[in-house]
Amino acid sequence: MKKISCATLEGIEARVVDVECTLTKGLPSFSIVGLASTAITEAKERIKSALLSNEYKFPPKRITFLLAPSEMY
């Protein structure tokens, strides 16, 4: 598991968001968890599309991104 800290704006306040990524054995998939918003599905497709358009080759593994804290949105 790899973890980085990022930031997002909530109004005029900056909030820290921890992003963790795990690659595990299994059928290849790409998922984002941690936010209860339907915007996650759209964000997942935008991220996947951006990576593919930049010739990123997805590894044949299960890729899971966890965004925390999950109660932000």
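Details of the structure are given in the entry above.
Residues numbered from 1 in each chain as written. Predicted model: local features only at pLDDT ≥ 70, side-chain atom pairs only at ≥ 80, totals over all residues. Heavy atoms only, no water.

(A) Representation of the environment of L27 within the structure. Mapping L27 onto the fold places it in the loop between β2 (13-24) and β3 (29-33). L27 sits 35 residues away from R62 along the chain, and the two C-alpha atoms are 6.2 Å apart. Leave out the neighbours within four places in its chain, and L27 touches K61 and R62. (Helix = DSSP H or I, 4+ residues; strand = E, 2+ residues; numbered from the N terminus. Contact = heavy atoms within 4.5 Å.)

(B) Representation of the sheet that holds β3 in the model. Read from one edge to the other, the open sheet built from four strands follows the order β1-β2-β4-β3, with strand pairing classed as mixed. Two strands bound the open sheet, and with one partner strand each, they are β1 (2-10) and β3. Neighbour-to-neighbour, the strand axes of the sheet open up by a mean angle of 20°, direction not taken into account. Pairing of β3 with strand β4 (residues 62-68), which is carried by five bridges, proceeds in the parallel orientation. From the neighbouring strand, S29 faces β4, where its bridge partner is R62. (Pairing = 2+ DSSP bridges. Axes fitted to C-alpha atoms, helices over the stretch in contact; angles between N-to-C directions.)

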